[in-house]
Amino acid sequence: MNEMYLGQFAFAFYTLIVLAGGGLAVSAASLVRAMLGLVVALFGVAGLYLLLLADFVALMQILIYVGAVTVLIFFAIMLTRAAADGGEAEGPGAGGILRAIPAFLVPAGILVPLLAVYGATGFPTPKNVSPAQLGAGLLGPYTLAFELISVVLLAAMAGAVILAFEKREPR
Amino acid sequence: MNNPLVLYQVVAVMLLCLGLYALVARRTLIGMLIGVELMLNGAGLSIVAAAQLTPMDAVLGQLGALLVMGLAAAEATLVLAIVLVVNKRFGDAAADGPSELKG
C-alpha cells in the first residue's frame with residue numbers, strides 16, 4: 001500500500017513538471033526560455049514513461065527529443081537570430097490570444113468529458129516489456145514500419161538539404 | 001477518478017491543448033514548431049499509456065511511440081530547412097511573412 005502512495009506522488013510530481021514546463025514553453029516571450037520550458041516538459045514526459053514501466057521509451061525520449069530535436073531547434077533559433085529581436089518579443093497580442101483560447105478549449109471540452117464518462121478502465125499496474133522483446137518485434141511483425149520510418153527520415157533529410165542548399169549559379 | 005489510464009490520458013490532452021495554444025498564439029515559425037513538439041509528446045504518452053495499462057500488445061504500443069519520435073525528428077529537420085529558407089527570403093522567421101501573396 002505504501003508503494004501505491006509513492007506511485008501517486010511520483011505521478012503528481014511528473015505531471016507538475018510537465019505542466020510547468022509546457023506553460024513556460026507556451027507563454028515565454030523569449031524563444032530560448034520557451035525552449036528551456038520544452039526541455040523541462042520533455043523530461044517530465046520521460047518520467048511518466050518510467051512510471052509506465054516503458055524504460056526503453058523513456059531512454060529514447062531523452063536521447064532523441066532532449067538530445068537531438070532540441071539541439072535542432074536551438075540551431076534554428078541561432079540561425080534566425082530570433083532570440084533577442086525576433087517577432088516573439090511583443091507577445092501574441094489580444095487578437096492572437098482571442099484566437100488561441102477557443103483553439104485549445106474546443107478539443108479539451110470534447111475530449112476531457114468523453115474521457116471522464118467513457119474512459120476505458122485499465123490495469124492498476126503496467127506491463128513490463130524488455131528491450132529484447134522490442135527488438136524481436138522490430139525484426140519480426142513490425143519490419144515494414146521499421147523500414148518505412150527509415151525511408152521517411154532519409155527523404156526528410158534529403159529534402160532539408162535540398163531546401164537549404166544555396167544556389168551558386170552566377171546570373 | 002481512481003483510474004490510472006484516464007489520468008495519463010488527461011495529461012496527454014493537456015499537452016495537446018498547450019501545443020494547440022502555442023501553434024495559434026505564436027508569431028514565429030519556431031514557436032509554432034515548439035507547439036507541435038508538445039502535441040507529438042502528448043500523442044506518444046497517450047499511446048504508451050494505452051498500451052501498458054490495457055490488454056493490448058505492449059510491444060506494439062512502445063514501438064508506435066518510438067515511430068512517433070522518429071516522425072517528430074524528421075519533421076523538425078524539414079521545419080528547420082523551411083525556417084532557413086523563409087529567413088533568407090523574408091528577413092525574419094515570422095509566420096505572417098510568407099502569407100504576403102495571399103491577396
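Just so you know, these numbers come straight off a predicted model, no measurement behind them.

With respect to the overall build of chain A
And then number 1: Summing up its helical and strand segments, chain A has seven helices and zero strands in all.
And then number 2: Seen in sequence order, chain A has helices and strands lined up from the N terminus as α-α-α-α-α-α-α.
And then number 3: Whereas a compact globule of 171 residues would reach a radius of gyration of roughly 16 Å, chain A reaches 21 Å, over 25% beyond that.
And then number 4: Counting only C-alpha atoms, chain A reaches 70 × 45 × 30 Å along its principal axes.
And then number 5: Looking at chain A as a whole, 32% of its 171 residues qualify as buried.
And then number 6: Of the accessible surface of chain A, which amounts to about 10400 Å², a share of 74% is contributed by carbon and sulfur atoms.
And then number 7: Averaging the positions of the 7 positive and the 8 negative side-chain charges in chain A gives two centres separated by 9 Å.

Regarding the packing of aromatic side chains
And then number 1: As enumerated under the stated definition, the model contains three aromatic pairs over all chains in all.
And then number 2: Measuring from centroid to centroid gives 5.8 Å for F13 of chain A and Y14 of chain A, while their planes differ by 50 degrees, and the two rings are tilted.
And then number 3: By relative accessible area, F13 of chain A is classed as partly exposed at 44%.
And then number 4: Between F104 of chain A and Y21 of chain B, the aromatic rings sit 5.7 Å apart at their centres with planes inclined by 80 degrees, giving edge-to-face as the arrangement. Note that F104 of chain A is positioned in helix 5 (residues 93-118) and Y21 of chain B in helix 1 (residues 4-25), a pairing that runs across two chains.
And then number 5: The partly exposed category is assigned to F104 of chain A, whose relative accessible area is 23%.

Some remarks on the interface of chain A and chain B
And then number 1: On the side of chain B, 69 residues touch chain A, which itself brings 83 residues to the contact.
And then number 2: Counting the surface lost from both chain A and chain B, the interface buries some 6600 Å², and carbon and sulfur atoms represent 77% of this.
And then number 3: Broken down residue by residue, the surface that chain A buries against chain B is led by V26, L52 and Y65 of chain A, which jointly contribute 10%.
And then number 4: Viewed at the interface, chain B and chain A are joined by 14 residue pairs in polar contact (both at pLDDT 80 or more).
And then number 5: Among the elements of the structure, helix 1 (2-27), helix 2 (31-51), helix 3 (55-79), helix 5, helix 6 (131-139) and helix 7 (143-164) of chain A are those that each provide at least two residues to the side of chain A that touches chain B.
And then number 6: Looking at the side of chain A that touches chain B residue by residue, the class counts come to 60 nonpolar, 18 polar and five charged.

With respect to unusual backbone geometry
Residues and elements named next belong to chain A.
And then number 1: You will see that L53, though not glycine, has its phi angle at about 65 degrees, which is positive.
And then number 2: Mapping L53 onto the fold places it in the loop between helix 2 and helix 3.
And then number 3: Judged by relative accessible area, L53 falls into the partly exposed class, the value being 34%.

What about the confidence of the model for chain A?
Fine structural detail should not be taken from predicted coordinates in areas where pLDDT scores are low.
And then number 1: The predicted model of chain A averages 86 in pLDDT, with 91% of residues at 70 or higher.
And then number 2: In the model of chain A, helix 4 (residues 82-85) of chain A stands out as the element of lowest mean pLDDT, 54, in contrast to helix 2 of chain A, which has the highest, 93.

Things to note about a nonpolar patch on the surface
And then number 1: Side chains of V106, I110, L111, V112, L114, V117 and Y118 of chain A sit close together on the surface and give an oily, nonpolar patch of about 670 Å² of accessible area.
And then number 2: Relative to the helices and strands, V106 of chain A is located in helix 5.

What about the packing of helix 1 of chain B against helix 2 (residues 29-52) of chain B?
All names here are of chain B.
And then number 1: One can describe the packing of helix 1 onto helix 2 by two numbers: an axis separation of 7 Å at closest approach and a directional angle of 165 degrees. Overall, the two elements helix 1 and helix 2 adopt an arrangement that is roughly antiparallel. Crossing geometry of helix 1 relative to helix 2 is assigned as left-handed. Along its contact with helix 1, which presents L5, Y8, Q9, V11, A12, L15, L16, L18, G19, L20, A22 and L23, the element helix 2 presents G31, M32, G35, V36, L38, M39, N41, G42, L45, S46, A49 and A50.
And then number 2: Its residues placed into classes, the contact of helix 1 with helix 2 shows 17 nonpolar, seven polar and no charged.

Section: empty space enclosed by the protein
And then number 1: Taken as a whole, this structure holds one cavity of 30 Å³ or more when the rule is applied.
And then number 2: Lining the largest cavity, in full, are Y49, Q61 and Y65 of chain A together with L40, N41, G44, A65, V68 and M69 of chain B.
And then number 3: Those elements giving two or more residues to the lining of the largest cavity turn out to be helix 3 of chain A together with helix 2 and helix 3 (58-90) of chain B.
And then number 4: When the residues that make up the lining of the largest cavity are grouped by side-chain class, the tally is six nonpolar, three polar and no charged.

Here we look at the side chain of Q61 of chain A
And then number 1: Tracing the chain through its elements places Q61 of chain A in helix 3.
And then number 2: Here Q61 of chain A falls in the buried class, since its relative accessible area comes to 0%.
And then number 3: Excluding anything up to four places from it in sequence, Q61 of chain A contacts L42, V45, A46, Y49 and V66 of chain A together with N41 and M69 of chain B.

Cut-off values and rules
- Residues numbered from 1 in each chain as written.
- Chains lettered and ligands numbered in written order.
- Predicted model: local features only at pLDDT ≥ 70, side-chain atom pairs only at ≥ 80, totals over all residues.
- Heavy atoms only, no water.
- Helix = DSSP H or I, 4+ residues; strand = E, 2+ residues; numbered from the N terminus.
- Rg over C-alpha atoms; globule rule 2.2 N^0.38 Å.
- Buried < 20%, exposed > 50% of the residue type's maximum accessible area, 1.4 Å probe, protein only.
- Areas by Shrake-Rupley, 256 points an atom, 1.4 Å probe, with all protein chains shown as cover.
- Lys, Arg positive; Asp, Glu negative; His and termini not counted.
- Charge placed at Lys NZ, Arg CZ, Asp CG, Glu CD.
- Phe/Tyr/Trp six-rings, centres within 6.5 Å; stacked < 30°, edge-to-face > 60°.
- Contact = heavy atoms within 4.5 Å.
- Buried area = accessible area lost by both parts, 1.4 Å probe.
- Polar contact = N/O pair within 3.5 Å; in protein donor to acceptor, adjacent residues only side chain to side chain.
- Nonpolar A, V, L, I, M, F, W, Y, C, P; charged D, E, K, R; others polar.
- pLDDT = per-residue confidence, 0-100.
- Patch = residues over 30% accessible without salt bridge, like charges linked within 9 Å, V, L, I, M, F, W, Y side chains within 5 Å.
- Salt bridge = Lys/Arg side-chain N within 4 Å of Asp/Glu carboxyl O.
- Axes fitted to C-alpha atoms, helices over the stretch in contact; angles between N-to-C directions.
- Parallel < 35°, antiparallel > 145°, perpendicular 65-115°, else oblique.
- Left-handed = near helix turned anticlockwise from the far one by under 90°.
- 1 Å grid on protein atoms, 1.4 Å probe; cavity = no way out; pocket = protein on both sides within 12 Å on 5 of 7 lines; lining within 4 Å.
- Points joined across faces, edges and corners; volume = space filled by probe spheres on them.

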